[in-house]
2 protein chains.
Amino acid sequence: MSLDRLIESIKRTGNPTVAGLDPKLDFIPDFIVKESFSKYGETLEGAADALLTFNKGLIDGLCDIVPAVKPQAAYYEMYGWYGVRALYETIKYAKEKGMYVIADGKRNDIGSTMEAYAAAFLGTTKAGSGEFEAFGADALTVNGYLGSDGIMPLVDVCRKFDKGIFVLVKTSNPSSGELQDRLIDGEPVYLMMGRMCEEWGRNLPGKYGYSGVGAVVGATWPQQLKELRDKLPHTFFLVPGYGAQGGSAGDIKGAFDKEGLGAVINSSRGIMCAWKKEGCAPEDYAMAARREALRMKQDITAVIG
Amino acid sequence: MSLDRLIESIKRTGNPTVAGLDPKLDFIPDFIVKESFSKYGETLEGAADALLTFNKGLIDGLCDIVPAVKPQAAYYEMYGWYGVRALYETIKYAKEKGMYVIADGKRNDIGSTMEAYAAAFLGTTKAGSGEFEAFGADALTVNGYLGSDGIMPLVDVCRKFDKGIFVLVKTSNPSSGELQDRLIDGEPVYLMMGRMCEEWGRNLPGKYGYSGVGAVVGATWPQQLKELRDKLPHTFFLVPGYGAQGGSAGDIKGAFDKEGLGAVINSSRGIMCAWKKEGCAPEDYAMAARREALRMKQDITAVIG
């Protein structure tokens, strides 16, 4: 009902990172894309097949050293329902390989509709006498603009199925401050949203001190990361923005507590495109991703040591 | 590049309403569900087939009197990729029947990821030498918590493909005020978000005075609807919350301008479940939906004169 399973995977691997699976076609080696197009044509179906093949290779290369993956829904939805099927298959494969899966959908809506999203990503859906996991992720990112009644249906499903959520608090993008930094009664919106995470999380306590309601806080805002770590002691952080968006290991140091817990750092392009940066043989992309993931682990664990 | 096509459909039908397609299995007549289960089993595939059959019947019953449909992504995603395929087929069918389609996904993310969502729902996706509409909707609902750089990629795609967006401003749910009503420099968050819609909309001017950046404002907040109509003269409103959520025709009067334009009112359960409320034969569900849509049209056009 909390994020304990994620925390345990982080402890087991000694690695507080998550690999973002945002597979643009440009990131995928040509030999994979060509093979998929030869099977299904230069179509959405062909592209989706390439995404899935690429992801499976990455998961194989990472599953024993990286605790979690974070597929970003947008990069699958852009290939239509074929892409969404590849998202489903990616989640399934990562779980089979023992990885924790954070579906990055930033979903949000009114309560009755959030019940449907909760069923879709974290719970189950009934069809006649059957009951199925539609996507079967372990956690989902959500947006709290609608307030508590858009979040509580997720909390109920998290309790029932031992899942978690991450609420957007202070996002990594340059314009996040337009709303999130503005002051309400002297406190910035991101802090108010963070306090709501603490409040919602009371319903989902965890054994390592962190609840099932985490927060998304960008690596691009080191000062706010530290401030929020201090003020939100029960809220685990999902931290995007390391690497390609500019955040360094020094920047994310403040996200962690004294035990070296409290956050999981995402890298998407850095890991997926390691083969391009290295200039290695495209066939070696999964091992390049592994090398980059190990470098990232060292980079991060050195500062939280 | 604006919402002109929606406005023209509203003018043509004389009906400023949109039918929400949020097809829970419970809303669908048994004879449809049984037929689908007999083909595909009591599975997500079977349920998704029932959704699509139900939607097609509704679209057939409504397409000459209601200008637009608004499928809510969550109710499709809960049936996994089969459900998402039914969403795609629903959008396609509604467009073939001449309806304007608002995909209700409330998507949001950083700029590079919003490019992917924009391609998915409003633009096109390339796969080799092919270029495809992944979902091909006419408009998309979005959440502006991340600020301008999460919105601008959509604006670019709207300009290129003559599409529109609706940004969450003041949502219909009871707890929307937790953040949206709080004051920043003396003005509520919803008004600040509304002013950002006016600003973003400058890039997508329309010939009826309304831009391509609309706002979602709930029928459950009549006072704010009126206030926002006065203060956001170029922002068209998508108004949920009429009917099942409690909003009446009197409540939504303030959403319209002096010409009777400026808003489109959504009804989901009221239209989809009209056959249940009427107690008519389940086989007559599409005509019951049509009767309810005509009643709703009369109810609303009476107050906007």
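Everything quoted here is computed from the prediction, not taken from an experiment.

Time to look at the overall build of chain A. Looking only at helices and strands, one finds 14 helices and 12 strands in chain A. Against the 2.2 N^0.38 benchmark of 19 Å for 305 residues, chain A shows a C-alpha radius of gyration of 19 Å, consistent with a compact globule. If you line up chain A on its principal axes, its C-alpha atoms span 60 × 50 × 35 Å. Burial statistics for chain A: of 305 residues in total, 63% are counted as buried. The long-range fraction of contacts in chain A, counting pairs at least 24 apart against all pairs at least 6 apart in sequence, stands at 72%.

All names here are of chain B. Strand order in this closed barrel of eight strands is S1-S2-S3-S6-S7-S10-S11-S12, and the pairing throughout is parallel. On average, adjacent strands in this sheet sit at an angle of 30 degrees to one another, irrespective of strand direction. Helix H14 (residues 285-304) contacts strand S1 (17-21) and strand S12 (263-267) of the sheet and is inclined by roughly 140 degrees relative to S1.

Moving on, we get to the packing of helix H3 (residues 44-62) of chain B against helix H5 (residues 80-96) of chain B. Residues and elements named next belong to chain B. Here H3 crosses H5 at 15 degrees, and the two axes come no closer than 8 Å. Comparing their axes, H5 and H3 come out roughly parallel. The element H3 and its partner H5 pack so that their crossing is right-handed. Contacts from Leu 44, Glu 45, Ala 48, Leu 51, Leu 52, Asn 55, Lys 56 and Ile 59 in H3 reach Gly 80, Tyr 82, Gly 83, Arg 85, Ala 86, Glu 89, Thr 90, Tyr 93 and Ala 94 in H5. Here the residues of the contact of H3 with H5 sort into nine nonpolar, four polar and four charged.

Below, the discussion takes up the interface of chain B and chain A. Contacts between the two partners involve 54 residues from chain B and, on the opposite side, 54 residues from chain A. Mapped onto the side of chain B that touches chain A, the elements with two or more residues apiece are H3, helix H4 (74-77), H5, helix H6 (111-121), strand S4 (125-127), strand S5 (130-132), helix H8 (177-180) and strand S8 (183-184) of chain B. Ranked by residues supplied to the side of chain B that touches chain A, first place goes to H6(B) with six residues. Classifying every residue of the side of chain B that touches chain A gives 26 nonpolar, 20 polar and eight charged.

On to helix H10 (residues 222-231) of chain B, then. Residues and elements named next belong to chain B. Restricting attention to buried positions, one finds in H10 the residues Gln 224, Leu 225 and Leu 228. Seen from one end, H10 has its buried residues packed into an arc of 105 degrees, which puts them on one side. Among the exposed residues of H10, those oriented more than 90 degrees off its buried face are Gln 223 and Asp 230. Tucked into the core, H10 has its buried residues touching strand S7 (164-170), helix H9 (189-201), strand S10 (213-217) and helix H11 (249-252).

All right, on to the relation of the copies chain B and chain A then. Structural alignment of chain B on chain A gives an RMSD of 0.0 Å, achieved by rotating through 180 degrees and translating 0.0 Å along the axis. Both chain copies can therefore be described as sitting about a two-fold axis. With an isologous cut-off of 70% or more, the 100% of interface residues of chain B that recur at the interface of chain A puts this contact in the isologous class.

Residue and element names in this part refer to chain A. The parallel closed barrel is built from eight strands, whose spatial order is S1-S2-S3-S6-S7-S10-S11-S12. Across the sheet, the axes of successive neighbouring strands diverge by a mean angle of 30 degrees, strand direction being ignored. Alignment of strand S3 (residues 100-107) against strand S6 (residues 139-142), held across three bridges, turns out to be parallel. By the bridge assignment for S6, Arg 107 is matched with Val 142.

Moving on, we get to the nonpolar core. In this structure, A:Val167, A:Val239, B:Val167 and B:Val239 are the most contacted members of the largest nonpolar core, which totals 228 residues. Sequence-distant contacts of B:Val239, that is, excluding residues within four places in its chain, are made with B:Val217, B:Gly218, B:Ala219, B:Ile252, B:Ala255, B:Ala263, B:Val264, B:Ile265 and B:Asn266.

Residues and elements named next belong to chain B. For S10, the buried fraction is high: five of the five residues fall into the buried class. Judged from the five bridges that link them, S7 and S10 form a sheet pairing that is parallel. Residue pairing across strands places Leu 168 opposite Val 216, the latter belonging to S10. Note that S10 and strand S11 (residues 237-239) share two bridges and pair parallel. Paired with Val 216 across the two strands is Leu 238, which belongs to S11. Following the backbone out of S10, through H10 and into the adjacent parallel S11, one traces a crossover that is right-handed.

What follows is about unusual backbone geometry. All names here are of chain B. Look at Lys 106: it is not a glycine, yet its phi comes out positive at around 45 degrees. Note on placement: Lys 106 falls in strand S3 (residues 100-107). Look at Lys 106 and you get buried, because 28 C-beta atoms sit within 10 Å. With phi around 55 degrees, Asp 162 is a residue other than glycine that occupies positive phi space. Among the structural elements, Asp 162 can be located in the loop between helix H7 (152-161) and S7.

The rules behind each value
Residues numbered from 1 in each chain as written. Chains lettered and ligands numbered in written order. Predicted model: local features only at pLDDT ≥ 70, side-chain atom pairs only at ≥ 80, totals over all residues. Helix = DSSP H or I, 4+ residues; strand = E, 2+ residues; numbered from the N terminus. Rg over C-alpha atoms; globule rule 2.2 N^0.38 Å. Buried ≥ 20, exposed ≤ 12 C-beta atoms within 10 Å, placed from the backbone. Contact = placed C-beta atoms within 7 Å. Pairing = 2+ DSSP bridges. Axes fitted to C-alpha atoms, helices over the stretch in contact; angles between N-to-C directions. Parallel < 35°, antiparallel > 145°, perpendicular 65-115°, else oblique. Left-handed = near helix turned anticlockwise from the far one by under 90°. Nonpolar A, V, L, I, M, F, W, Y, C, P; charged D, E, K, R; others polar. Arc of directions from axis to C-beta. Least-squares fit on C-alpha atoms with pLDDT ≥ 70 in both. Core = buried A, V, L, I, M, F, W, Y, C linked by C-beta atoms within 7 Å. Right-handed = clockwise from strand over helix to strand, strands pointing away.

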